[in-house]
Amino acid sequence: TSRGQSWRAGKWLLETAKLETKKVTFQMARDAIGFTPGDIVEVMDNNYAATRLGGRIMSHSGNVINVDADVSELTAGGDTISIMGRDGKAVRYEIESVDGSAITLTDTPAWVRDGTVFAISTANLKTRLVRIMSIAETDNNSVYSISASLHDPNKQAIVDEGAVFEKPNDTLNG
């Protein structure tokens, strides 16, 4: 091991300890069946965020998505919605307009299904990225308990280049 490799490994461990301190546990239905430990997923915890910007799609037609809550108070054109795609990975779409629980997208999704989960990122409130650490089936075999740790996608640039990033706001709780 070279001195440079040792320095980088130490810096990586220090930045991980500093930036990725929060752990989360949540449950999902069969939507989570494609997740594996190590996957990085977007999470919108409505309780943590102090607002409702995540949930399920109730119906859809073309580029209009109807969700299970009125999201018009905090959401506007230019914000983004992440919808779980066919492969279980989130696909992000730009929002054109919002009217109550009806969200009009700038593009028609290639694949969407009623009941699919969604998460909205706004200019003032971002989804959180987490790295899945473990997945366990619950007793009824249709709900999965997921343990994850907060993930910072900027850690590589911080370690390698000494970059400084502004932390996005992920809660309205202050």
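What counts as what
Residues numbered from 1 in each chain as written. Predicted model: local features only at pLDDT ≥ 70, side-chain atom pairs only at ≥ 80, totals over all residues. Heavy atoms only, no water. Helix = DSSP H or I, 4+ residues; strand = E, 2+ residues; numbered from the N terminus. Buried < 20%, exposed > 50% of the residue type's maximum accessible area, 1.4 Å probe, protein only. Contact = heavy atoms within 4.5 Å. Areas by Shrake-Rupley, 256 points an atom, 1.4 Å probe, with all protein chains shown as cover. Lys, Arg positive; Asp, Glu negative; His and termini not counted. Charge placed at Lys NZ, Arg CZ, Asp CG, Glu CD. Pairing = 2+ DSSP bridges. Axes fitted to C-alpha atoms, helices over the stretch in contact; angles between N-to-C directions.

(A) Spotlight on the overall build of the protein. The secondary structure content of the protein amounts to 3 helices and 10 strands. Listed N to C, the secondary structure of the protein is α-β-β-α-β-β-β-β-β-β-β-β-α in terms of helices and strands. Along the longest, intermediate and shortest principal axes, the C-alpha atoms of the protein span 60 × 40 × 30 Å. For the protein, the residues scored as buried account for 37% of the 174 residues in total. Contacts spanning at least 24 positions in sequence make up 66% of the contacts within the protein whose residues lie at least 6 apart. Split by element, the accessible area of the protein, about 9900 Å² in all, is 50% carbon and sulfur. Within the protein, one finds 18 positive and 23 negative side-chain charges whose respective centroids are separated by 9 Å.

(B) Highlighting the sheet that holds strand β9 (residues 128–137). On the basis of which strands lie adjacent, the open sheet formed by 4 strands has the order β1-β10-β9-β2 and antiparallel pairing. Two strands bound the open sheet, and with one partner strand each, they are β1 (23–28) and β2 (40–43). Geometrically, the sheet is characterised by an average inter-axis angle of 45° between neighbouring strands, direction not taken into account.

Nothing here speaks to function; it is all geometry.
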